[in-house]
Amino acid sequence: MRKPKAIIVGGSIAGISCAKALILAGWDVVVIEKTRGPPIGNPTGAGIALNPLSQKMVKSWLHQPDLLHNITLPLTIGQNRAVDREKNICGTDEIIDVVGDLLVAADGSCSSVRQTFLPDSKLRYTGYCAWRGVFDFSENENSETIQGIRKAYPELGNGVHVDLGPGTHTGDSATMKVSSDMIKKMHQEAEKIWVPEFARVIKETKEPFLNLMYDCDPLTQIYWDNVVLIGDAAHPITPHCARSTNMAIADAAVLGKCLERWGPENLHSALEEHQSVRLPVTTKQVLHSRRVGQIKLGLPTPDREPFDPNTASPEDCEILKQRRLPFFDDVPSILE
Ligand SMILES: Cc1cc2nc3c(=O)[nH]c(=O)nc-3n(C[C@H](O)[C@H](O)[C@H](O)COP(=O)(O)OP(=O)(O)OC[C@H]3O[C@@H](n4cnc5c(N)ncnc54)[C@H](O)[C@@H]3O)c2cc1C
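Rules of the game
Residues numbered from 1 in each chain as written. Predicted model: local features only at pLDDT ≥ 70, side-chain atom pairs only at ≥ 80, totals over all residues. Heavy atoms only, no water. Helix = DSSP H or I, 4+ residues; strand = E, 2+ residues; numbered from the N terminus. Buried < 20%, exposed > 50% of the residue type's maximum accessible area, 1.4 Å probe, protein only. Areas by Shrake-Rupley, 256 points an atom, 1.4 Å probe, with all protein chains shown as cover. 1 Å grid on protein atoms, 1.4 Å probe; cavity = no way out; pocket = protein on both sides within 12 Å on 5 of 7 lines; lining within 4 Å. Points joined across faces, edges and corners; volume = space filled by probe spheres on them. Nonpolar A, V, L, I, M, F, W, Y, C, P; charged D, E, K, R; others polar. Pairing = 2+ DSSP bridges. Near = heavy atom within 4 Å. Polar contact = N/O pair within 3.5 Å; in protein donor to acceptor, adjacent residues only side chain to side chain. Domains from an automatic or database assignment. Salt bridge = Lys/Arg side-chain N within 4 Å of Asp/Glu carboxyl O.

Participant: Honestly, the overall build of the chain in this entry has me stumped. Any pointers?
Facilitator: In terms of regular secondary structure, the chain is built from 10 helices and 10 strands. Put simply, the chain has 336 residues, and 39% of those count as buried. Surface summary for the chain: the accessible area is close to 19,200 Å², and the carbon and sulfur share equals 53%.

Following this line, the structure appears as structure tokens:
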């Protein structure tokens, strides 16, 4: 019998995870990625926080599961601290037709597949942006800057650290090029806001860039006939709860299991089940992450005064904890 075939658009975390999950479910896959090569530049970019379910899924897709442990660190600390201080995209003219039974849209937060099926769904600008950069100290372990930052942040390297201060944010997004004047102004503000050790690291970070933060109001539908959205294409989310990668992996794993359970002849039922498992959870996570972002930035929310990290009660701080995130430890029963 002919194997069913899925066309996966997007070869990042959601697309590759989905390819693995669908192959295990007995499908053929073709992954179409528009970027021609891996990213160039410093390889030590983003840190990805994988929760227990994501680790379990990724390990089940690896020939050598231990590899995951060998290249990662346990995330033992989730620290929020108050600060009290006054491309490589190449086009081609060639058009190739690829025929399949299912189209998986794993094409990220600006998904063109989502745009086609939901033309009215728009990304929502959160009202703030974030400076980002990679500080490479591999040749410079003992510099004054590194010694300073290690002293100021003794837990550095053991987890996620967020300093909360007025007009600040660390942390999805459209990336924007910046002028040298913008960088200069950012450096001046960093000196006013952050501890000196951190301000120094910021000043020594080469080529910082700016991310405008977007998310999207939760969708009410993530599949049509033989098309399904997964990953950021299905639920663009702000970065405050380090959820997006975990959500992409869980989407892929659940989709694989639903396709396996229902078989290719019952595609509609499989996609319906996938949606019924994933949509309620991802909806809550997107809205929760939005709320945590507003709180961390001291923005007003409909039901509370702006959060002030210097005066907040321990109860107020609870919502900022990673483990307080709805569904953090939940494993969908289809994956058990
Ligand atoms: C600057 C930045 C920093 C981040 N830092 C972190 C972090 O530290 N930790 C973390 O967990 N998460 C982080 N995130 C979020 C995380 O990167 C995303 O949530 C995650 O990558 C989503 O995975 P995805 O596969 O759904 O989408 P994406 O990673 O966006 O991948 C979409 C893929 O589809 C391809 N594509 C798009 N359109 C087409 C098309 N028409 N045809 C073919 N291919 C197409 C794109 O080239 C891309 O490879 C960050 C995001 C940004 C923007």
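Participant: Just to check I follow, could you spell out the layout of surface pockets for this structure?
Facilitator: Sizing a probe to match a water molecule and rolling it over the atoms shows the empty space that remains. In this structure, the second largest pocket occupies an estimated 260 Å³ of space. Considering the residues around the second largest pocket, the lining is formed by 18 residues, among which Leu53, Arg278, Phe327, Asp330 and Pro332 are closest to the centre. Its residues placed into classes, the lining of the second largest pocket shows 10 nonpolar, 4 polar and 4 charged.

Participant: Could you clarify how one ought to interpret unusual backbone geometry in this entry?
Facilitator: Most peptide bonds take the trans form, and the phi angle of most residues other than glycine is negative. Phi angles above zero are rare outside glycine, and Glu207 is one such case at about 50 degrees. In this structure, Glu207 sits in the loop between helix H7 (196–204) and strand S8 (209–216). Positioned with a positive phi, Asp225 is a non-glycine residue whose angle comes to about 45 degrees. Its location among the elements puts Asp225 in the loop between strand S9 (223–224) and strand S10 (227–229).

Participant: Help me understand the sheet that holds S10, please; the structure alone is not making it clear to me.
Facilitator: Strand pairing in a sheet is mediated by backbone hydrogen bonds. Such pairs are either parallel or antiparallel. The strand order across the open sheet formed by 5 strands is S2-S1-S4-S10-S9, and the pairing between neighbours is mixed. The two strands at the open ends of the sheet, each matched to only one other strand, are strand S2 (28–32) and S9.

Participant: Help me understand the site of the ligand in this model?
Facilitator: Around the ligand, 24 residues are found, and the nearest of them are Ser12, Glu33, Gly47, Ser244 and Thr245. In the environment of the ligand, an oxygen atom lies 2.8 Å from a nitrogen or oxygen atom belonging to the backbone of Asp232. For the ligand, an oxygen atom lies 2.7 Å from a polar atom in the side chain of Ser244. In isolation the ligand has 990 Å² of accessible area, and contact with the protein removes 74% of it. Elements that contribute at least two residues to the shell around the ligand include exactly helix H1 (13–24) and helix H8 (244–262). Each residue belonging to the shell around the ligand can be placed in one class, and the counts come to 7 nonpolar, 11 polar and 6 charged. Domain assignment of the residues forming the shell around the ligand places at least three in each of domain 1 (5–124 + 216–305 + 313–335) and domain 2 (126–214).

Participant: Mind showing me how you'd approach the pattern of salt bridges here?
Facilitator: Opposite charge on two side chains makes pairing possible when the charged atoms of those side chains draw close. Applying the stated criterion across every chain, the model contains 11 salt bridges. Asp215 serves as the salt-bridge partner of Arg124, at 2.8 Å between the closest nitrogen and oxygen. Taking the relative accessible area as the measure of exposure, Asp215 reaches 0% and is therefore buried. Taking the shortest distance from any N to any O, the salt bridge between Glu273 and Arg261 comes out at 2.6 Å. One end of the pair, Glu273, is in helix H9 (residues 267–296); the other, Arg261, is in helix H8, and 12 residues separate them in sequence. Looking at Arg261, the relative accessible area reads 53%, which means it is exposed. Residues joined in a network through salt bridges with shared partners are Arg124, Asp215, Asp217 and Arg290.

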